[in-house]
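So you can see what is in the structure, the chains are spelled out below.
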Amino acid sequence: MKNKTEPIINAPEHETDILLVNTPHFNVLYPPSGIAYICEAVRNAGFKPAVMDINNTLIKRFSNNGIDRFWHVDKSIAFWMGEDYPEIEKAFGDSFDEVADVIAECDARVIGFSVNMLNLRTSDHIAKRVRKLAPDKTVIYGGYSCYHADICQSLSDQPDYICVGESETTIVELMRALANGGDPGSVPGVMEKKTGANGYQPRSRTEDLDKIAWPTWREFDLSRYKTLHEFVTVSVNASRGCAWGRCHFCSDFNATPGFRRRSSESLLEEIGYSVEHNGIDNFHLSDLIVNGDHQELERFCDMVIESGLKICFSGQFHIDKRLTPNLLSKLRRAGMPIINFGMETGSNRMMKIMRKGHNVRLAEQCLVNSRRADLITNVNLLVGFPGETMEDIEETVEFLERNREFIDIVEVVNICSIQYGSPLWNNYEKFGVVFDKTPGLREERFWISEDGVNTFDERVRRAELLQNKIEELGIGKGYHSQEFHFLRGGENLFEPGLYKSAVASWIKSSGVLENVDRALVLRSCAVEQATLLVEELRAGAPGTRFDLLCQDSVKDDFDRLMNGGGTFLCQDGPLSVETVNQDTLEELRSLAYDAVVVPFGAMPRYTYRKVLEFAETLRPGKVVTVDFIGEMEEYTPDDKPGKVVA
């Protein structure tokens, strides 16, 4: 299974005071930012950190053996913390022991494990062997599973100390106590294994996030985190806590209580550093909700736009009436191509029971406004919340059907588990929940309703029902899935230099537009990108007159388009036979275009298919399709709508 002549992982190449370890769990998209924050804190205090990201190493090592299935988001819980864990141990063989051997032999006296519910068992496995081989080393646990002090003492038998909660200051004081012969157990925020909760002193949270050093990623080889599209995305943290903090199913806002936000100056400084020093221009805002402070978020967008930074970023948003068309447009202009909504359900009744803080009408308005701002829309769903009925599932299906032109992706259909620390966990009896035994950390998924209807198997069935409907509607399955085609969130096509290069490739690679007197370009995007597209097409095929029909809700300045000699038409909504103004449609048909050009970029599969169908009604048999790598071919009626021409 593995090459014995090559070590599974290498020890740090330099002298190290603390080795920070990330063991396997499902998320391999981003380098671990929690560890990066700890690196920055201890290095600034004079200690020498090193990082061992076993998660990244093992998925690369074994991806050709089918083991990458363990990292699939839909299966990760069962594999990493559930009944299927023995399959992991069997598949990886002695790899975990090999990792432990390397850790035991390194010169670091302190080994820190970043633990969460999914990697706790692998962390325990490796830590146990390290303690056996190198009993002089100090083992520390920290991370998301260590945010609740009342469960830390029963979390694991392996660590000597646990850093509870936010630990940038805690880890520095703990390291100093260990180095100077002090009492580590007296450090606020540290729970000592041998004493447990006795003597534990909680640490006050840092209110001013600008005082916390942000990651420079010096200890990481960021090139190891390239995705299928050959770019690296790093997480940045603009805030901690949740400004909403009321959802009944959520434990995150209790793990990090109180909402605090960094200044936009600090956030822009971090992003600018990564662009200049790390060559990174893709960022994931890892906030619980990005729009916790709408005024500061808009200010951040203004600063990015004014700075001229060419970046791409994404994050999770709360559906809110303060997400105005103007703010959404600024987010797009600042570099955010996709917006993620934790919508959970299409049922008004369930939105109220979950305490989401919005209703169906507002959710639909946010989706429409996001699409009009040229944002790819991504929603998460949750099935099986206590009190849910099949009528609620049917309402969610109807919501998807009604709004499918405004929903590009359903990222995941979550099955309701009762998370420790959530209002649902703390008051489960009031929600009509029954556990087979006293609730424990490993029992979050396995609960039933008092009437015996809402079981785990029933929740799985409902999730599959929704998944099948999503596929039937042609909605994308996930923005990092091969089922959904886009490059850098569409940003590659929207960056002027790359856009021009792509269009030049289109013109050069095909003679399809030769001897075409007049062509119509259909583009489901905003005016800025549509303008650039038509200008480049005109430059590449100067003998052709190009008209343009594109989607946009901002109708302010089209002079550049009009000066090119073509006609500009703006559609306030997605392009399809059903949505285009009938007068506009008749005008387009009357012009009898020689060709209709449909460029593909960030356009989701369903939208692309609808635009192609629309193009076919305008010029049957003479539709030109273009994919994001610049190849151009003719689309014929025999081709399946939605085909991406390779």
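Residues numbered from 1 in each chain as written. Predicted model: local features only at pLDDT ≥ 70, side-chain atom pairs only at ≥ 80, totals over all residues. Heavy atoms only, no water.

Novice: I tried to follow the environment of Phe317 on my own but got confused; where do I start?
Specialist: Structurally, Phe317 is set in strand β11 (residues 312–317). Counting along the chain gives 25 residues from Phe317 to Gly342, while the straight-line C-alpha distance between them is 6.8 Å. When near neighbours in sequence (up to four residues on either side) are disregarded, Phe317 contacts Ile289, Val290, Asn291, Leu297, Leu323, Leu331, Met336, Ile339, Asn340, Phe341 and Gly342. (Helix = DSSP H or I, 4+ residues; strand = E, 2+ residues; numbered from the N terminus. Contact = heavy atoms within 4.5 Å.)

Novice: I tried to follow helix α1 (residues 33–44) on my own but got confused; where do I start?
Specialist: Because the α-helix completes a turn every 3.6 residues, residues three or four places apart line up on one side. Between the first and last C-alpha of α1 there are 17 Å, a value that for twelve residues agrees with the 16 Å anticipated at 1.5 Å per step. In terms of burial, α1 is largely enclosed, as ten of its twelve residues are buried. Taken together, the buried positions of α1 are occupied by Ser33, Ile35, Ala36, Tyr37, Ile38, Cys39, Glu40, Ala41, Val42 and Arg43. In this structure, the buried residues of α1 make contact with β1 (18–22), β2 (49–53), β3 (110–114), α8 (168–180), β7 (233–236) and β8 (239–240). Gly46 sits one or two residues past α1 and shows a positive phi near 100°. (Expected span 1.5 Å × (residues − 1). Buried < 20%, exposed > 50% of the residue type's maximum accessible area, 1.4 Å probe, protein only.)

Novice: When you look at the confidence of the model for the protein chain in this model, what are you seeing that I'm missing?
Specialist: Low pLDDT marks regions whose predicted coordinates should not be analysed in detail. For the protein chain, the mean per-residue pLDDT works out to 80, and 76% of the residues sit at or above 70. Per-residue pLDDT stays below 50 along residues 553–557; that stretch engages in six contacts with residues further than four places along the chain or on separate chains. Low pLDDT, under 50, characterises residues 628–646; the predicted model gives this stretch 57 contacts beyond four residues in sequence or across chains. (pLDDT = per-residue confidence, 0-100.)

Novice: I keep staring at unusual backbone geometry and nothing clicks. Help me out?
Specialist: Leave glycine aside and you will find that most residues have negative phi; peptide bonds, for their part, are mostly trans. Its identity as a non-glycine residue notwithstanding, Trp217 has a phi of 65°, on the positive side. Turning to its location among the elements, Trp217 is positioned in the loop between β6 (190–192) and β7. Assessed through its relative accessible area of 3%, Trp217 is described here as buried. At Glu344, a residue that is not glycine, the phi angle is positive and equals roughly 75°. Mapped onto the elements, Glu344 comes out in strand β12 (residues 338–344).

Novice: Would you mind going over the pattern of salt bridges with me for this structure?
Specialist: Opposite charge on two side chains lets them pair, provided their charged atoms get close. Across all of its chains, the model carries 28 salt bridges by this definition. A salt bridge links Arg205 to Glu207; its shortest N-O distance comes to 2.6 Å. Judged by its relative accessible area of 37%, Arg205 is partly exposed. Residue Glu207 is classed as partly exposed on the basis of its relative accessible area of 49%. Close ionic contact of Lys330 with Asp302 constitutes a salt bridge, the shortest N to O distance being 3.0 Å. Of this pair, Lys330 sits in helix α12 (residues 325–334) while Asp302 sits in helix α11 (residues 294–307), placing them 28 residues apart in sequence. The class of Lys330 is buried, set by a relative accessible area of 15%. (Salt bridge = Lys/Arg side-chain N within 4 Å of Asp/Glu carboxyl O.)

Novice: How do you make sense of the packing of α11 against α12 when you look at a structure like this?
Specialist: When two helices pack together, their arrangement is given by the angle between their axes and by how far apart the axes lie. Direction vectors running N to C along α11 and α12 enclose 40°, while the axes themselves pass 9 Å from each other. The pairing of α11 with α12 is recorded here as oblique in orientation. As α11 runs across α12, the sense of the crossing is left-handed. The residues of α12 that touch α11, namely those facing His294, Leu297, Glu298, Cys301, Asp302, Val304 and Ile305, are Asn326, Leu327, Lys330, Leu331, Arg333 and Ala334. (Axes fitted to C-alpha atoms, helices over the stretch in contact; angles between N-to-C directions. Parallel < 35°, antiparallel > 145°, perpendicular 65-115°, else oblique. Left-handed = near helix turned anticlockwise from the far one by under 90°.)

Novice: Sorry if this is basic, but what is going on with the sheet that holds β6 here?
Specialist: Note: strands within a sheet are paired through backbone hydrogen bonds, in either parallel or antiparallel orientation. Reading across the sheet, the six strands line up as β2-β1-β3-β4-β5-β6 and stay open at both edges, with mixed pairing between neighbours. Two strands close off the open sheet at either side, each with one partner strand: β2 and β6. Across the sheet, the axes of successive neighbouring strands diverge by a mean angle of 25°, strand direction being ignored. Where strand β4 (residues 138–142) meets strand β5 (residues 161–163), two bridges bridge the pair, whose relative direction is parallel. Of the residues in β5, the one forming a bridge with Tyr141 is Ile162. Seen against the sheet, α1 touches β1, β2 and β3 and runs at an angle of roughly 175° to β1. (Pairing = 2+ DSSP bridges.)

Novice: Sorry if this is basic, but what is going on with helix α4 (residues 85–92) here?
Specialist: Among all positions in α4, only Tyr85, Ile88, Ala91 and Phe92 are buried. Angular distribution of buried residues about the axis of α4 spans 120°; they occupy a single face of the element. Just beyond α4, the residue with positive phi is Gly93, at close to 60°. (Arc of directions from axis to C-beta.)

Novice: Looking at this model, I keep getting lost on the packing of aromatic side chains. Mind explaining?
Specialist: A ring pair, where both rings are aromatic, is described by two values, the distance of the centres and the angle of the planes. Tallying each qualifying case throughout the model produces nine aromatic pairs. Judged by centre distance (5.9 Å) and plane angle (70°), the ring pair of Phe300 and Phe313 falls under edge-to-face. Of this pair, Phe300 sits in helix α11 while Phe313 sits in strand β11, placing them 13 residues apart in sequence. The exposure classification of Phe300 matches that of Phe313, with both residues buried. Taken together, Tyr420, Trp425, Tyr428 and Phe435 form an aromatic cluster joined through their ring pairs. Arg240 extends its terminal NZ or CZ atom over the ring of Tyr37, reaching a point 5.3 Å from the ring centre. Cation over ring: Arg459 sits above Trp447, and NZ or CZ is 3.8 Å from the ring centre. (Phe/Tyr/Trp six-rings, centres within 6.5 Å; stacked < 30°, edge-to-face > 60°. Lys NZ or Arg CZ within 6 Å of the ring centre and 35° of its normal.)

Novice: In this structure, what is going on with a negative patch on the surface? I would like to understand it.
Specialist: Taken together, Glu391, Glu394, Glu395 and Glu398 make up a surface patch of like negative charges. Residue placement: Glu398 occurs in helix α15 (residues 390–402). (Patch = residues over 30% accessible without salt bridge, like charges linked within 9 Å, V, L, I, M, F, W, Y side chains within 5 Å. Areas by Shrake-Rupley, 256 points an atom, 1.4 Å probe, with all protein chains shown as cover. Lys, Arg positive; Asp, Glu negative; His and termini not counted. Charge placed at Lys NZ, Arg CZ, Asp CG, Glu CD.)

Novice: Mind showing me how you'd approach the sheet that holds β11 here?
Specialist: Strand order in this open sheet of six strands is β7-β10-β11-β12-β13-β14, and the pairing throughout is parallel. Each edge of the sheet is formed by a strand with only one pairing partner; in this case those strands are β7 and β14 (409–415). The mean angle between the axes of side-by-side strands here comes to 20°, regardless of whether they run parallel or antiparallel.

Novice: Where do I start with the packing of helix α5 (residues 95–105) against helix α6 (residues 120–133) in this structure?
Specialist: The contact between α5 and α6 brings their axes to 8 Å, and the two run at 45°. Classified by the interaxial angle, the pair formed by α5 and α6 is oblique. Judged by the sense of rotation from one axis to the other, the crossing of α5 with α6 is right-handed. Contact residues: α5 offers Phe96, Asp97, Val99, Ala100, Asp101, Ile103 and Ala104, while α6 offers Thr122, His125, Ile126, Arg129, Val130 and Leu133.

Novice: Where do I start with the environment of Asn403 in this structure?
Specialist: Looking at the secondary structure, you find Asn403 in the loop between α15 and β14. Considered as a pair, Asn403 and Val368 are 35 residues apart in the sequence and their alpha carbons are 8.5 Å apart.

Novice: What exactly am I supposed to notice about the side chain of Glu296 here?
Specialist: Inspection of the secondary structure assignment puts Glu296 in helix α11. With a relative accessible area of 17%, Glu296 lands in the buried category. At 2.7 Å, the side chain of Glu296 forms a polar contact with the side chain of Ser264. Setting aside residues no more than four positions away along its own chain, Glu296 makes contact with Arg261, Arg262, Ser263 and Ser264. (Polar contact = N/O pair within 3.5 Å; in protein donor to acceptor, adjacent residues only side chain to side chain.)

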